[in-house]
Amino acid sequence: MLKIQGLKAEIEGKEILKGINLEIKAGEVHAIMGPNGSGKSTLASILAGREIFNVTAGKVEFKDKNLFDLSPEERSREGLFLAFQYPVEIPGVSITNFMRAALDEHRIHKGQKPMTATGFLKFMKEKKELVEMDTKLEGRAVNEGFSGGEKKKNEIFQMAMLEPDLSILDETDSGLDIDALKVVADGVNKLKTKNNASIVITHYQRLLDYIVPDVVHVLYDGKIVKTGGRELALELEKYGYDKIKKEYEN
Amino acid sequence: MIDTDIKKNEIVNLFSKNTDYLISDNEAIELKKFIEKTKLPDSKTEEWKNTSIETLLRHKYKIGNKSVVPDEYINTFSFYGLDTDRIVFVNGFFSPENSTVNQNKGKIIIGSVKEAKKNNFKIFEEYFNKTNLYKNNFFSAINTSFSQDGAFIFVPDNIVFEKPVHIVNFINGNENKVIVQSRNLIIVGKNSQIKIISTYHSISSDFTLNNVGTEIIAKEDSNLEFYIFEGEGNEASHINNTFVHQYKGSRLKTNTATLCGSLVRNELYIDFKDEYCEADLQGIYLPDKEQHIDNFVNIIHSKPHCTSKQLYKGIIDNKAKAVFTGKVFVAPDAQKTNASQSNNNLLLTDNAKVYSRPQLEIYADDVSCAHGSTTGQLDREALFYLKSRGIPEKRAKTMLMTAFVEDVLNKIEIKPYRDYVNYLVNKRLKGQKVEGLCSVKICPNC
């Protein structure tokens, strides 16, 4: 699904990623953990195609295609999805129009006909129910006036709508209370199939009680310094990042 | 450099040969003196310092002739379900052949000023040229002095007129560079209500100059919605001076949409003559290429308890330039004035320019006056967000631009007209042609 080899990236001359290697197969859930400033969100942004970062070395293959040959919109249509850490508010753009436009583009890309208006509304309702999104979306602008929890749920709702092959959840748990966290995690779990994969980026172990990862990576100082099973997350919870930092620095 | 005095005399002489003006001979004598001492605005004229009229002075104009337009140019509006009484003016002259007015609606008069002068002289004499429009600037002076016709709408007291009135203005150069003038007069009686749409289009893509003057009298507790759509060709210059006198408890709503034109200057003066008046003024301007669009609003709060609101939004592309000046004057005894002003601009390129000038002059102490002006670029974060969901850049940009102007468009209360403006705004934001005949013909290819 995704193969990252020797990825290095910088912003304004400062190297953030210093050689990342990572391989994710269909059906897997990978967690990327790490202290603040380790490069977790940078990695997510680069995968989604944010242009402010400068990739200096390495390559990324997504479904056997060179990811860097694809624009952000093409990546999305190919099946890559980023759940944003800070979803932006877009006043004046209604969620319905936004999702309709997005879904149309995805369907055209797959050689399908755009949905009819009623078909689309029905589809949207189903997906809303699936991810237990109880916010009224009709007539509302994208994320405008949404609470922190609603914004994150809206990301999972969009993920359900677009049915990606690879979803990257960038600190989706940050700022969520335990109830919202459960809803978000339930949504992600329901969307999981043997054909898709997820990268769950998080600072805390807490989310991983609900979304159980197959592999846990620890990112520190722009590199993956440790990889293990679920127990690695529990270990981090117990000892904090200091132990790993020390090991790495020695 | 163009010698503005020579140009001024050239324009004045052009009209002086005509006869049959709307003003009286006495008024004409006074105006002649006023025009003699009034200079063309230039960069030293404070109120015109960001708008150069050089583009319109480059040409030698003829006077536009009276003519008729094919009905197909007018039928467009009914495609949107716009059912109106319609008066059509071509080159400033009333075209009864193109107009549809059902006159049996009480004492309401919808027609031309020239006819009103002939058939309803008492009303004409009472209201015509009674504002300060004539001495606003050179253009309003020559408009007053030399206009021969224009739209005339008179609503007597206590009449609620549901159906909107549509004033359709065509300019037709017939391959010539023409100058056209129209002088409109609108009177809304006590407790009366009316909605008026005024649209401007050009038939050929000539260098033309349309010099419009409009006087509006809104009497006690009247309610007027006044919409302007400017869709002339992109070689056309358009100067529009509108003066409104509002009386006690009257409510006015305006919405000016400028999509086309090479040089456009809209001046809107609101004078609250009495207490408890309300004016809600909106505008949208979308210049691209080398267009220049200037909106100048001047609100005079001379009496207490009046409310004025301004919301003007613009998207400026390529090397285009926009100017917004919002003046609010609050007289010493105009207590409890409530005035708000908001001007927001989106610059799409490094070469696009906007001059936004809020000017508040407040002499009363118990007032609420607020103003805000923003100028920015498309939100890159929002753009990335849309793209990250599979929406191509161009479509994403159009979505964001449409969203930016949406609140101004949503305030248009006549749905078919709102649909019409929305359609053209969307076309324009997609980079398609909307000017001239494209604003009246729905052609999928252009």
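A quick note: this is a predicted structure, and the numbers were derived from the prediction, not measured. (Residues numbered from 1 in each chain as written. Chains lettered and ligands numbered in written order. Predicted model: local features only at pLDDT ≥ 70, side-chain atom pairs only at ≥ 80, totals over all residues. Heavy atoms only, no water.)

## Section: helix α1 (residues 40-48) of chain A
All names here are of chain A.
Thinking step 1. Judged by how many residues are buried, α1 sits mostly within the fold: eight of nine residues are covered.
Thinking step 2. Residues of α1 that are buried: Lys40, Thr42, Leu43, Ala44, Ser45, Ile46, Leu47 and Ala48.
Thinking step 3. In the segment just after α1, Gly49 is the residue with positive phi, at about 105°. (Buried < 20%, exposed > 50% of the residue type's maximum accessible area, 1.4 Å probe, protein only. Helix = DSSP H or I, 4+ residues; strand = E, 2+ residues; numbered from the N terminus.)

## Quick word on unusual backbone geometry
Thinking step 1. Phi angles above zero are rare outside glycine, and A:Asn143 is one such case at about 60°.
Thinking step 2. Of note, A:Asn143 is situated in the loop between β8 (141-142) and α5 (148-162).
Thinking step 3. Owing to a relative accessible area of 0%, A:Asn143 belongs among the buried residues under this scheme.
Thinking step 4. Notably, B:Asn191 is not glycine yet its phi reads approximately 60°, a positive angle.

## So, the interface of chain A and chain B
Thinking step 1. Across the boundary between the two partners, chain A contributes 29 residues, which contact 18 residues of chain B.
Thinking step 2. Of the roughly 2,000 Å² buried where chain A meets chain B, counting both sides, 62% is carbon and sulfur surface.
Thinking step 3. Taken together, the links from chain A to chain B amount to three salt bridges.
Thinking step 4. A salt bridge links A:Arg50 to B:Glu381; the nearest nitrogen and oxygen atoms lie 2.7 Å apart.
Thinking step 5. Connecting chain A to chain B are 14 residue pairs in polar contact (both at pLDDT 80 or more).
Thinking step 6. Residue contributions to the side of chain A that touches chain B peak at seven residues, all from helix α3 (residues 95-109) of chain A.
Thinking step 7. Its residues assigned to classes, the side of chain A that touches chain B comprises 15 nonpolar, seven polar and seven charged. (Contact = heavy atoms within 4.5 Å. Buried area = accessible area lost by both parts, 1.4 Å probe. Salt bridge = Lys/Arg side-chain N within 4 Å of Asp/Glu carboxyl O. Polar contact = N/O pair within 3.5 Å; in protein donor to acceptor, adjacent residues only side chain to side chain. Nonpolar A, V, L, I, M, F, W, Y, C, P; charged D, E, K, R; others polar.)

## Thoughts on the packing of aromatic side chains
Between two aromatic rings, the relevant description is the distance of the centres plus the angle of the planes.
All names here are of chain B.
Thinking step 1. Going through the model one piece at a time under the given rule, you end up with 23 aromatic pairs over all chains.
Thinking step 2. Each ring, one from Phe15 and one from Phe146, has its centre 5.5 Å from the other, and the planes form 10°; the classification is stacked. Of the two residues, Phe15 sits in helix α1 (residues 4-16) while Phe146 sits in helix α7 (residues 138-146), which places them 131 residues apart along the sequence.
Thinking step 3. These aromatic residues form a ring-pair network of at least three members: Phe77, Tyr80, Tyr227, Phe229, Tyr417, Tyr420 and Tyr423.
Thinking step 4. Over the ring of Trp48 we find Arg265; its NZ or CZ atom is 3.8 Å from the centre of that ring.
Thinking step 5. Here the basic side chain of Arg389 rests over the ring of Tyr385, its NZ or CZ set 5.0 Å away from the ring centre. (Phe/Tyr/Trp six-rings, centres within 6.5 Å; stacked < 30°, edge-to-face > 60°. Lys NZ or Arg CZ within 6 Å of the ring centre and 35° of its normal.)

## A few points about the pattern of salt bridges
Between side chains of opposite charge, a pair can form when the charged atoms approach closely.
Thinking step 1. Tallied over the entire structure, the rule returns 37 salt bridges over all chains.
Thinking step 2. A:Glu78 is paired through a salt bridge with A:Lys65; the nearest N and O atoms lie 3.0 Å apart. One end of the pair, A:Glu78, is in helix α2 (residues 72-78); the other, A:Lys65, is in strand β5 (residues 65-66), with 13 residues separating them in the sequence.
Thinking step 3. Ionic pairing is found between A:Glu105 and B:Arg395, a salt bridge with its closest N-O pair at 2.9 Å.

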